[in-house]
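Residue-level structure breakdown
One-letter residues, chain by chain:
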Amino acid sequence: MNKWSYSLLAVAAGWLAYRYRYRMADWALRIPPLRKQLVRFALNVPAVRNAVVSQMLR
């Protein structure tokens, strides 16, 4: 029974996170230290970094 309740909770949390993803992103980006960490994390991903650099050098 515990396994089912955790699975149901995970599905509900995933659905809510997907539905409200833009609101959560907007909330997270309003906090300067969190925004700084998110930008650092994003720029450590090679595909994101390459896309940003190519847009800057156009």
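Above this text sits the structure in question.
Now for a quick tour of the structure. (Residues numbered from 1 in each chain as written. Predicted model: local features only at pLDDT ≥ 70, side-chain atom pairs only at ≥ 80, totals over all residues. Heavy atoms only, no water.)

Turning our attention to helix α1 (residues 2-19). Here α1 is 18 residues long and its end C-alpha atoms lie 26 Å apart, about the 26 Å a rise of 1.5 Å per residue gives. The buried count for α1 comes to zero of 18 residues, which makes it a mostly uncovered element. (Helix = DSSP H or I, 4+ residues; strand = E, 2+ residues; numbered from the N terminus. Expected span 1.5 Å × (residues − 1). Buried < 20%, exposed > 50% of the residue type's maximum accessible area, 1.4 Å probe, protein only.)

Here we come to the environment of Gly14. Within the element layout of this structure, Gly14 appears in helix α1. For Gly14, a relative accessible area of 38% corresponds to the partly exposed category. In sequence terms Gly14 and Leu38 are 24 residues apart; their C-alpha atoms lie 20 Å from each other.

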